[in-house]
Amino acid sequence: MEQNLISLLQSSVRLKELKQIHALIFKKYISFTPFFIKRLLHLSIVDYARLVFNQVPQPDQYLYCSFISAYSKLSLYAEAKKMFFLMHHDLARISCFAFSPALSSCASLMATSEGKQIHSLVINYGFGSNVFIQTTLIDFYAKTGDLGSAKQVFDEISVKDPASYNCLISGYSKSGEVLVARNLFDKMTERTIVSWNSMISCYAHNGHYTQALEIFERMQAVKCQPSEITLVTILSICAKLGDLEMGLRVRKLIENNKLCRNMIVSTALLEMYVKCGAVNDARREFDQMAQRDIVAWSAMIAGYAQNGRSNEALELFELMKSENVKPNDVTLVSVLSACAQLGSVEHGERIGKYIESRGFASNVYVGSALLDMYAKCGNIRKALQVFDQMTHKDIVSWNSMIGGLAANGLAEDAISLYMKMKEAEVKPNDITFTGLLTACTHAGLVELGLEFFKSMKSDHNIIPKVEHCACIVDLFCRSGRLEEAYKFICNMEMEPNVVIWGTLLSASRTYLNVELAERSVEKLLILEPENSGNYVLLSNIYASVGRWQEALKVRKLMKDRRIQKIAAYSWIEIEDKLHKFLVGDTSHPRFTEIYSVVDGLRLQMNWAGYTPNSDLPEEDFLYTDSS
DNA sequence: GTAGGGTTAG
């Protein structure tokens with residue numbers, strides 16, 4: 001009968017059956033209880049196992065130990081840790097197998113003092129020279145950032161195996177001590193695949209991509225076959241570098257060696273394509289995947305959103321929902337970003353409601369993306385509401401709100417929010433100042449803008465970028481202070497770009513300053529000789545002041561250089577269809593209707609400081625002018 | 001012990 005009981009227990013997986021067996025054990029075979037509990041734990045039925053355990057009068061160390069391992073495996077680290085100390089409290093002995101799962105649970109919980117307590121118990125119980133436990137100790141100290149202690153344990157090991165090196169290497173990697181990690185790696189006489197991978201990811205995580213690739217080459221040279229983990233790490237380096245060529249080499253390597261292509265490898269490949277701008281290839285990889293988890297879906301949706309293909313991002317999100325895959329915070333951030341790019345109010349609001357009803361908005365990423373979406377869709381009140389309700393705000397949240405206010409023409413609010421940000425002791429960055437300077441430009445606050453610009457360097461140690469300089473030039477230009485704008489450009493610490501000279505040129509046209517127009521065009525013709533707009537503007541300026549000969553000369557120059565004007569289309573969305581038309585174009589079948597909508601919108605857009613998007617897929621157009 | 005996805009501006 002007892003043999004039957006064992007085989008019955010081993011064949012049962014359902015809780016209902018197990019409970020029946022439990023009744024039998026409880027009545028007739030009480031000594032089988034520990035065996036029964038271990039079977040439950042093996043099946044990850046921890047809660048019921050715990051209930052049964054609580055009835056056991058004197059559990060032995062092995063039973064406690066089974067719980068600690070099970071909890072740790074199921075990521076129930078707090079429970080694992082509690083069970084360890086309960087065992088220590090109840091028993092005079094501790095199984096040597098209890099220390100490792102307890103220590104790694106403490107590492108995951110960042111429970112430094114309890115981990116140290118366990119360390120002293122290791123010594124008290126005489127396991128101080130057990131290599132397996134020593135390695136877990138190194139890992140614990142490495143993960144909690146106490147590298148001194150990690151090194152100390154490491155030095156105490158008489159015969160060091162690769163695992164102890166590997167733990168220490170990854171510890172130094174996490175705290176950015178790349179050279180120390182490399183030193184250890186070089187000292188190793190025997191390296192496992194994990195050693196190679198750890199060294200590669202050490203370089204990768206600390207931004208030393210070339211060195212990471214060098215280790216990868218060396219690994220192949222000594223005929224150590226890369227694992228899936230190696231490939232994923234290398235692919236993510238290719239993604240960060242935007243190195244499609246290297247990425248494709250890795251893909252060939254996978255194909256030629258028939259290496260396993262699991263979900264993580266495929267997602268890394270997909271991500272590599274996305275970051276190299278090869279979105280269609282990413283989608284092909286996505287479609288070929290046998291299984292897709294939320295990470296794969298999110299990566300593909302983000303891929304579309306990051307490459308300005310918002311419509312496809314939203315379409316894929318719909319497909320994901322139709323396959324009953326639940327979005328998480330990461331997915332929603334990309335979806336929101338897509339809605340923001342489209343300025344699609346209805347879509348955005350629907351997702352906004354979904355997020356708020358499910359409490360996703362408390363996540364900083366989601367909150368920031370949500371308020372940004374509302375701001376970009378013109379609903380500044382809702383944006384402010386989301387911002388105010390965020391319990392934790394980071395630099396991105398503040399920047400998005402400041403930028404949102406600025407873009408919606410609320411310059412004073414943007415500036416006073418910046419004051420609040422400083423009160424909250426959040427350090428501004430270059431993006432903060434882009435928002436602030438935009439606000440000043442829109443409100444014509446020249447002096448304040450200059451003050452902000454100066455404070456970037458002097459108060460915050462932020463080196464202004466070309467964009468910031470462009471704001472200052474715009475600031476001067478809009479208030480007609482062209483000479484100061486020119487002086488500012490000449491004194492810039494970096495090379496002025498097309499935007500800057502272009503700003504000065506168009507201001508020169510407005511204020512009919514021929515001399516500055518000539519100087520701007522001179523620079524612009526070097527920077528972008530193919531742009532017809534520059535020639536046209538200069539020619540128009542000459543014409544406006546009656547210098548016809550020179551106007552004609554510019555036109556002729558343009559003709560000689562075979563430069564053609566490119567037609568600038570505008571577009572509008574009405575009833576889900578896109579319509580596009582040229583300036584002064586009245587030939588569209590629904591011209592009157594469009595014109596009235598456009599005119600109203602244009603006013604709103606100008607006021608909000610928006611520029612219309614121009615890279616729309618061609619096939620979506622209902623109407624295309626052939627001229 | 002070593003792997004994959006996210007927000008702001010330009």
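Residues numbered from 1 in each chain as written. Chains lettered and ligands numbered in written order. Predicted model: local features only at pLDDT ≥ 70, side-chain atom pairs only at ≥ 80, totals over all residues. Heavy atoms only, no water.

- Looking at an unreviewed UniProt entry, chain A carries the name Pentatricopeptide repeat-containing protein At1g08070, chloroplastic-like, with the source organism given as Nelumbo nucifera.

Comments concerning the packing of aromatic side chains
And step 1. Here the structure, examined in full by the defined rule, presents 20 aromatic pairs.
And step 2. Ring centres of Phe 433 and Phe 452 lie 6.5 Å apart, and the angle between their planes is 65°; this geometry places the pair in the edge-to-face category. Here Phe 433 is found in helix H27 (residues 430-443), whereas its partner Phe 452 is found in helix H28 (residues 446-460), with 19 residues between them in sequence. In terms of burial, Phe 433 and Phe 452 fall into one category: buried.
And step 3. Taken together, the ring pairs in this structure connect Phe 84, Phe 85, Phe 99, Tyr 125 and Phe 127 into an aromatic cluster.
And step 4. One cation-aromatic arrangement involves Arg 191 over Trp 196; the distance from NZ or CZ to the ring centre is 5.4 Å.
And step 5. Between Arg 292 and the ring centre of Phe 286, over which it is positioned, the NZ or CZ distance is 4.9 Å. (Phe/Tyr/Trp six-rings, centres within 6.5 Å; stacked < 30°, edge-to-face > 60°. Helix = DSSP H or I, 4+ residues; strand = E, 2+ residues; numbered from the N terminus. Buried < 20%, exposed > 50% of the residue type's maximum accessible area, 1.4 Å probe, protein only. Lys NZ or Arg CZ within 6 Å of the ring centre and 35° of its normal.)

Observations regarding the UniProt feature "repeat: PPR" (unreviewed entry) in chain A
And step 1. Under the UniProt annotation, the feature "repeat: PPR" (unreviewed entry) is placed at residues 161-191, 192-226, 293-327, 363-393 and 394-428.
And step 2. Helix makes up 74% of residues 161-191 and strand 0%. Its end C-alpha atoms lie 9 Å apart.
And step 3. Taken end to end, residues 293-327 has its terminal C-alpha atoms 10 Å apart, with 74% of it in helix and 0% in strand. (UniProt positions renumbered as here; feature names shortened; annotations may be inferred.)

Regarding helix H21 (residues 329-342)
And step 1. The first and last C-alpha atoms of H21 sit 20 Å apart over 14 residues, in line with the 20 Å expected at 1.5 Å per residue.
And step 2. Along H21, the positions that sit buried rather than exposed are Thr 331, Leu 332, Ser 334, Val 335, Leu 336, Ala 338, Cys 339 and Ala 340.
And step 3. On its buried side, H21 packs onto helix H19 (294-306), helix H20 (310-322), helix H22 (345-357) and helix H23 (364-376).
And step 4. Of the residues that open H21, the one with a side-chain oxygen 3.0 Å from the backbone nitrogen of Val 330 is Asn 328.
And step 5. Two residues or fewer after H21 comes Gly 343, characterised by a positive phi angle close to 60°. (Expected span 1.5 Å × (residues − 1). Contact = heavy atoms within 4.5 Å. Polar contact = N/O pair within 3.5 Å; in protein donor to acceptor, adjacent residues only side chain to side chain.)

Description of the domain arrangement of chain A
And step 1. As assigned here, chain A comprises domain 1 (299-392), domain 2 (465-566) and domain 3 (570-620).
And step 2. For domain 1 and domain 2, the distance between their C-alpha centroids amounts to 40 Å. (Domains from an automatic or database assignment.)

Considerations on the nonpolar core
And step 1. Ranked by internal contacts, the top residues of the largest apolar core, which has 192 residues, are Ile 37, Phe 84, Phe 99, Ile 118, Ile 234 and Leu 504.
And step 2. Here this core gets 9 residues from one element, more than from any other, and that element is helix H29 (residues 466-478).
And step 3. Three or more residues apiece are contributed to this core by two domains, here domain 1 (299-392) and domain 2 (465-566).
And step 4. Those residues in contact with Phe 99, other than ones at most four positions away along the chain, are Phe 84, Ile 94, Ile 118, Leu 121, Val 122, Tyr 125, Phe 127 and Ile 133. (Core = buried A, V, L, I, M, F, W, Y, C linked by side-chain atoms within 4.5 Å.)

Points about the packing of helix H25 (residues 395-407) against helix H26 (residues 411-423)
And step 1. Running from N to C, H25 and H26 cross one another at 160°; their axes reach a closest spacing of 8 Å. In this view, H25 runs roughly antiparallel relative to H26, as classed from their interaxial angle. The handedness of the crossing between H25 and H26 is left-handed. Contact residues: H25 offers Ile 395, Trp 398, Asn 399, Met 401, Ile 402, Leu 405 and Ala 406, while H26 offers Asp 413, Ala 414, Leu 417, Tyr 418, Lys 420 and Met 421.
And step 2. Of the residues that constitute the contact of H25 with H26, the class distribution is 10 nonpolar, 1 polar and 2 charged. (Axes fitted to C-alpha atoms, helices over the stretch in contact; angles between N-to-C directions. Parallel < 35°, antiparallel > 145°, perpendicular 65-115°, else oblique. Left-handed = near helix turned anticlockwise from the far one by under 90°. Nonpolar A, V, L, I, M, F, W, Y, C, P; charged D, E, K, R; others polar.)

Details of the packing of H25 against H27
When two helices pack together, their arrangement is captured by the angle between the axes and the distance separating the axes.
And step 1. Remark: H25 packs on H27, axes separated minimally by 8 Å, with the N-to-C direction vectors making an angle of 15°. Taken together, the axes of H25 and H27 are roughly parallel relative to one another. Relative to H27, the crossing made by H25 is left-handed. Only Ile 431, Thr 432, Gly 435, Leu 436, Thr 438, Ala 439 and His 442 of H27 make contact with H25, whose side of the interface consists of Ile 395, Asn 399, Ile 402, Gly 403 and Ala 406.

With respect to H20
And step 1. Its 13 residues give H20 an end-to-end C-alpha distance of 18 Å, which sits within 8% of 18 Å, the value for a rise of 1.5 Å per residue.
And step 2. Listing the buried residues of H20 in full gives Ser 310, Ala 313, Leu 314, Leu 316, Phe 317 and Met 320. Take H20 and look down its axis: the buried residues cluster within an arc of 160°, on one side only. Opposite its buried face, H20 presents the exposed residues Glu 315 and Ser 322, each directed more than 90 degrees away.
And step 3. Residues of H20 that are buried make contact with helix H18 (279-288), H19, H21 and H22.
And step 4. Within two residues after H20, Asn 324 carries a phi angle of roughly 60°, on the positive side. (Arc of directions from axis to C-beta.)

Some words on unusual backbone geometry
And step 1. One non-glycine residue, Ser 44, lies in positive phi territory at about 60°.
And step 2. Mapped onto the fold, Ser 44 is located in the loop between helix H3 (33-42) and helix H4 (46-55).

Brief notes about the protein's contact with DNA strand B
And step 1. Taken together, 49 residues lie around DNA strand B, and Asn 166, Asn 197, His 205, Thr 267 and Ser 298 are the ones closest in.
And step 2. Within the contact set of DNA strand B, a sugar or linking oxygen lies 3.4 Å away from a side-chain nitrogen or oxygen of Ser 201.
And step 3. Asn 262 is positioned with one of its side-chain polar atoms (N or O) 3.2 Å from a base nitrogen of DNA strand B.
And step 4. No other element matches the 7 residues that H19 contributes to the surface near DNA strand B.
And step 5. Among the residues making up the surface near DNA strand B, the classes are represented as 19 nonpolar, 19 polar and 11 charged. (Near = heavy atom within 4 Å.)

Focus: the environment of Phe 140
And step 1. With respect to the secondary-structure elements, Phe 140 resides in helix H9 (residues 131-143).
And step 2. You can call Phe 140 buried: its relative accessible area is 1%.
And step 3. A C-alpha to C-alpha distance of 73 Å links Phe 140 and Lys 559, two positions 419 residues apart in sequence.
And step 4. Beyond its immediate stretch of four places on either side in the chain, Phe 140 contacts Leu 103, Cys 106, Ala 107, Ala 111, Thr 112, Gly 115 and Lys 116.

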